[in-house]
Amino acid sequence: MKAVVVTDQAAGTAGMTLVERPEPQAAINDVVVQVHASGFTWDELTWPSTWTDRLGRDRTPVIPGQELAGVVTALGYGTTGLSVGQRVFGLTDSYRGGTLAEYVAVEARNLAPLPGDVDFTVGASVAMPGLTAWQGLFVHGRLQAGQSVLVHGSAGAVGSMVTQLARESGAYVIGTGRAAHRQTALDFGAQEFVDLENDALEDVGGVDLVFDVFGGDIAKRSAGLIRAGGTLVTIAGPTEARPTDGLAVDFVVVSDRAQLSEIVQRVRDGRLRTNIGKVSTLDDAIAAFNPTKRIKGKTIIRVRP
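Below is a summary of the structure that appears in this document. This structure is a prediction, so every number in the text was calculated from the model and none was measured. (Residues numbered from 1 in each chain as written. Predicted model: local features only at pLDDT ≥ 70, side-chain atom pairs only at ≥ 80, totals over all residues. Heavy atoms only, no water.)

### Remarks on the packing of helix α2 (residues 120-140) against helix α6 (residues 257-268)
Then comes step 1: In contact at an axis separation of 9 Å, α2 and α6 are set at 115 degrees when each is read in the N-to-C sense. One finds that α2 runs roughly perpendicular with respect to α6. Considering only the axes of α2 and α6, their crossing is right-handed. Of the residues in α6, those in contact with V122, V126, A127, G130, L131, W134, Q135 and V139 of α2 are Q259, L260, E262, I263, R266 and V267.
Then comes step 2: Classifying every residue of the contact of α2 with α6 gives 9 nonpolar, 3 polar and 2 charged. (Axes fitted to C-alpha atoms, helices over the stretch in contact; angles between N-to-C directions. Helix = DSSP H or I, 4+ residues; strand = E, 2+ residues; numbered from the N terminus. Parallel < 35°, antiparallel > 145°, perpendicular 65-115°, else oblique. Left-handed = near helix turned anticlockwise from the far one by under 90°. Contact = heavy atoms within 4.5 Å. Nonpolar A, V, L, I, M, F, W, Y, C, P; charged D, E, K, R; others polar.)

Below, the structure written as structure tokens:
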């Protein structure tokens, strides 16, 4: 099968190559999926789990990619809940990756059925951002209707999902980003927008929840905006920033079949829009992940036409 592989962490995406690799076999509780569309998270090649297994052993050459949509072609021993020929979407384990390829072996529990009226490209594009937004808002942030949410990077793949889900749940949403992203953030549902390069973040006043994707100084300043009992949720790694009278939570997204089903139902009925910036073929994937200019939205690889 054709697959994108990486062997040199220092080279980053520039070190990607398209090669022939053996097709994966299904282990216990796995399925093999014929990949129709897949996604790649921009900082995936910096994660330790991309380069080693759970015992710390080197696993290069690595096929990266965690996000996928496709069709089940084989079941491992003991696998239940999915069947051969079924359309599915979800995330692989970060210690396994493998979705930038024509086939991938995935734990069945990490996948959910993909309804026939949802395109594979859409399925691959909502898995990671959708789960990240859902878990940050509802699992870790315990968001309630009537609360206010500050969403950093609100025009991005994750931020736009956060904005839409927060609005749907009855929250007041303030988006942030570059000036050029204002209209996109508002189109996705932000009720206010803060230009981080020109506006004073502190003018936002108090909020109940901050969803941070940047870390660093932005996270630190955001901690000071959180009301008593509120939460700073970040996907940018452990933060020194702590709200005076609230929680700071950094988390890593995990696949969850029930949450994936909630997300895809919202896509089907028009409550949730994807934020796809570019769609490329597997043959063009390396160029797509090494763009010469900033790409808005998520890049999806359409592995099968």
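Structure's up, so let's keep going.
### Quick look at the pattern of salt bridges
Then comes step 1: Applying the stated criterion across every chain, the model contains 17 salt bridges.
Then comes step 2: Across the pair E197 and R178 runs a salt bridge, and its minimum N-O distance is 3.7 Å. Of the two residues, E197 is situated in the loop between β10 (192-195) and β11 (207-212) and R178 in the loop between β9 (172-177) and α4 (182-187); the sequence distance between them amounts to 19 residues.
Then comes step 3: Here E197 falls in the exposed class, since its relative accessible area comes to 53%.
Then comes step 4: Between R182 and D199 there is a salt bridge whose closest N-O contact spans 3.9 Å. Of this pair, R182 sits in helix α4 while D199 is found in the loop between β10 and β11, placing the two residues 17 residues apart along the sequence. (Salt bridge = Lys/Arg side-chain N within 4 Å of Asp/Glu carboxyl O. Buried < 20%, exposed > 50% of the residue type's maximum accessible area, 1.4 Å probe, protein only.)

### A closer look at the packing of aromatic side chains
Then comes step 1: Evaluated as defined, the whole model comprises 2 aromatic pairs.
Then comes step 2: Ring centres 4.7 Å apart and planes at 50 degrees place the aromatic pair F40 and F289 in the tilted group. A residue pair is termed long-range when its members are at least 10 positions apart, and F40 in the loop between β3 (30-39) and α1 (48-51) and F289 in the loop between α7 (285-288) and β15 (298-302) qualify at 249 residues. The same class applies to F40 and to F289, which are both buried.
Then comes step 3: Between W134 and F138 the ring centres are 5.0 Å apart and the planes differ by 75 degrees, which places this aromatic pair in the edge-to-face class. Placement of both W134 and F138 in helix α2 is noted, with a separation of 4 residues, approximately one turn of the helix.
Then comes step 4: On the accessibility criterion, W134 (13% relative accessible area) is buried.
Then comes step 5: The exposure class assigned to F138 is partly exposed, which follows from its relative accessible area of 25%.
Then comes step 6: Across the ring face of F120, the terminal group of R87 is positioned such that the distance to the ring centre comes to 4.2 Å. (Phe/Tyr/Trp six-rings, centres within 6.5 Å; stacked < 30°, edge-to-face > 60°. Lys NZ or Arg CZ within 6 Å of the ring centre and 35° of its normal.)

### Brief notes about the side chain of Q66
Then comes step 1: In this structure, Q66 sits in the loop between α1 and β4 (67-75).
Then comes step 2: For Q66, a relative accessible area of 6% puts it in the buried group.
Then comes step 3: Sequence-distant contacts of Q66, defined by excluding residues within four places in its chain, comprise G39, E44, W47, G90, L91, T92, D93, S94, T99 and M128.

### Some words on the nonpolar core
Then comes step 1: Formed by 43 residues in total, the largest nonpolar core has its most connected members in F89, L137 and V149.
Then comes step 2: At the level of secondary structure, the elements contributing two or more residues to this core comprise β4, β5 (87-91), α2, β8 (148-151), α3 (157-168), β11 and α6.
Then comes step 3: V31, L282, I301 and V303 belong to the second-largest nonpolar core, a separate cluster that totals 25 residues. (Core = buried A, V, L, I, M, F, W, Y, C linked by side-chain atoms within 4.5 Å.)

### Description of unusual backbone geometry
Then comes step 1: The step from T60 to P61 runs through a cis peptide bond, and the omega angle for that step is 0 degrees.
Then comes step 2: Within the fold, P61 resides in the loop between α1 and β4.
Then comes step 3: A positive phi is found at N29, a non-glycine position, where the angle reads about 70 degrees.
Then comes step 4: Structurally, the position occupied by N29 is in the loop between β2 (17-20) and β3.
Then comes step 5: Phi angles above zero are rare outside glycine, and R142 is one such case at about 50 degrees.

### Remarks on the packing of α2 against α3
Then comes step 1: Following both chains from N to C, one finds α2 and α3 inclined at 50 degrees, their axes separated by 8 Å at the closest point. The angle between α2 and α3 falls in the class oblique. Both α2 and α3 take part in a crossing whose hand is right-handed. Across from V126, P129, G130, T132, A133, W134, L137 and F138 in α2, the residues of α3 making contact are A157, V158, M161, V162, L165 and A166.
Then comes step 2: Considering only residue class, the contact of α2 with α3 consists of 12 nonpolar, 2 polar and no charged.

### Side note on the environment of H36
Then comes step 1: Among the secondary structure elements, H36 is positioned in strand β3.
Then comes step 2: Residue classification places H36 among the buried positions, given a relative accessible area of 11%.
Then comes step 3: Once the C-alpha coordinates of H36 and Y77 are considered, the two residues, 41 residues apart in sequence, prove to be 24 Å apart.
Then comes step 4: Discounting chain neighbours no more than four positions away, the residues touching H36 are A69, G70, V71, F120, I301, R302, V303 and R304.

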